[in-house]
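Architecture and fold: a report
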Amino acid sequence: DRVDARTRELAERERFLQNVFDAIHDELCVLDLDHNILRANAWSRELYAEAAPLEGKKCYTVLAHRDSPCPKCPAIRTTETGQVQRSLLSRDDANGALRWLDVAAFALLSEAGEAIGIIVHAKDVTGEKNAIQALRESESLFRLAFEKANSGVCMVGLDGRLLRVNGALCCMFGYSSKEMEGMCVDELTHPEDREVSAEF
């Protein structure tokens, strides 16, 4: 009875850990030190169903369709250092679309504290990466339009001081941008127009 109870306890613990493992909706794999997949979570198995079963295959073959480890592979550095390592890696998905993955590798340690494997967690950050790129492009277009405008353009803070000015405005007033930025709008407004300007 005691042996049966222990067996049931171990089985229950295994089911619990497997449920937690499979509940993570990021790629999660356990590798041996030669980069063979020992275990993959449900999300990984779904993403790479065409390569099933994943277990027993090299991670770089299944995940990146390569014959050798990926450049900047964090799992290699983790094996060498025993420390957590991270990399931002690009990869084409099954449809040929570019995906960006934030990949972290953790050493799997024995009771004696020796590395016996690697846990690899990969989070798809393609959306965030694309959003950042789109923002940079938008900022670049705004900066170009701001600087090249034929009319004087400025950005004014809530305190009425100039935060940013373009070249055309500098030419209009005969100041450099360094001199103008930080000036109060009132300093550039004709005294008779200040009352009207204050209403805006």
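This text goes with the structure placed above it.
Only a predicted model underlies this, so the values are computations on that prediction, with no experimental measurement involved. (Residues numbered from 1 in each chain as written. Predicted model: local features only at pLDDT ≥ 70, side-chain atom pairs only at ≥ 80, totals over all residues. Heavy atoms only, no water.)

1. A word on the overall build of the protein
- Broken down by element type, the protein carries 9 helices and 7 strands.
- Taking 2.2 N^0.38 as the reference for a compact globule, 200 residues should give roughly 16 Å; the C-alpha atoms of the protein span a radius of gyration of 29 Å, well beyond that estimate.
- Projected onto the principal axes, the alpha-carbon positions of the protein cover approximately 100 × 40 × 30 Å.
- Every one of the 200 residues in the protein was classed for burial, and the buried ones make up 28%.
- A fraction of 27% describes how many contacts in the protein between residues 6 or more apart in sequence connect residues 24 or more apart. (Helix = DSSP H or I, 4+ residues; strand = E, 2+ residues; numbered from the N terminus. Rg over C-alpha atoms; globule rule 2.2 N^0.38 Å. Buried < 20%, exposed > 50% of the residue type's maximum accessible area, 1.4 Å probe, protein only. Contact = heavy atoms within 4.5 Å.)

2. A look at the nonpolar core
- Membership of the largest hydrophobic core comes to 22 residues, with the highest contact counts inside it found for Leu31, Ile37, Leu54 and Val62.
- Looking at this core, the elements that each hand over two or more residues are β1 (27–31), β2 (37–40), α3 (59–64), β4 (98–109) and β5 (115–124).
- For this core, the leading source of residues is α3, giving 5 residues.
- Not counting chain neighbours up to four residues away, the residues in contact with Ile37 comprise Val30, Leu31, Leu54, Glu55, Gly56, Lys57, Lys58, Cys59 and Val62. (Core = buried A, V, L, I, M, F, W, Y, C linked by side-chain atoms within 4.5 Å.)

3. Some thoughts on helix α4 (residues 74–81)
- The complete set of buried residues in α4 reads Pro74, Ala75 and Thr78. Axial view of α4: buried residues confined to an arc of 100 degrees, hence all on one face.
- For α4, the elements touching its buried residues are β3 (85–92), β4 and β5.
- Phi for Gly82, located one or two positions after α4, is positive at around 75 degrees. (Arc of directions from axis to C-beta.)

4. Quick look at empty space enclosed by the protein
- Per the stated rule, a full pass over the model turns up 1 cavity of 30 Å³ or more.
- Each pocket or cavity is described by its volume, and for the largest cavity that value is around 190 Å³.
- Forming the boundary of the largest cavity are 17 residues, of which Cys59, Leu63, Arg91, Val103 and Val120 lie nearest the centre.
- At the level of secondary structure, the elements contributing two or more residues to the lining of the largest cavity comprise β1, α3, α4, β3 and β5.
- Looking at which element gives the most residues to the lining of the largest cavity, the answer is α3, with 4 residues.
- Among the residues making up the lining of the largest cavity, the classes are represented as 14 nonpolar, 1 polar and 2 charged. (1 Å grid on protein atoms, 1.4 Å probe; cavity = no way out; pocket = protein on both sides within 12 Å on 5 of 7 lines; lining within 4 Å. Points joined across faces, edges and corners; volume = space filled by probe spheres on them. Nonpolar A, V, L, I, M, F, W, Y, C, P; charged D, E, K, R; others polar.)

5. A few points about the sheet that holds β3
- Pairing in this open sheet of 5 strands is antiparallel, and the strands run β2-β1-β5-β4-β3 from one edge to the other. Edge positions in the open sheet fall to β2 and β3, since each of these has one partner strand only. Adjacent strand axes in the sheet meet at a mean angle of 25 degrees, parallel and antiparallel pairs treated alike.
- Against the sheet, helix α1 (residues 2–23) makes contact with β1 and β2, and its axis sits at roughly 80 degrees relative to β2, the strand it touches most.
- Most of the contacts of helix α5 (residues 126–148) go to β4, to which it runs at about 130 degrees, and overall it touches β3, β4 and β5. (Pairing = 2+ DSSP bridges. Axes fitted to C-alpha atoms, helices over the stretch in contact; angles between N-to-C directions.)

6. Focus: the pairing of β3
- A one-sided burial pattern is seen for β3, the buried positions being Gln85, Ser87, Leu89 and Arg91 and the unburied ones Arg86, Leu88, Ser90 and Asp92.
- Here β3 pairs with β4 via 8 bridges, running antiparallel. Among the inter-strand pairings, Leu88 is bridged to a residue of β4, identified as Asp102.

7. Re the pattern of salt bridges
- Here the structure, examined in full by the defined rule, presents 9 salt bridges.
- Across the pair Glu27 and Arg91 runs a salt bridge whose closest N-O atoms are separated by 3.3 Å. A residue pair is termed long-range when its members are at least 10 positions apart, and Glu27 in strand β1 and Arg91 in strand β3 qualify at 64 residues. Residues Glu27 and Arg91 agree in their burial class; the two are buried.
- We note a salt bridge from Arg86 to Asp102, for which the minimum N-O separation is 2.1 Å. Placement of the pair is Arg86 in strand β3 and Asp102 in strand β4, with a sequence separation of 16 residues. (Salt bridge = Lys/Arg side-chain N within 4 Å of Asp/Glu carboxyl O.)

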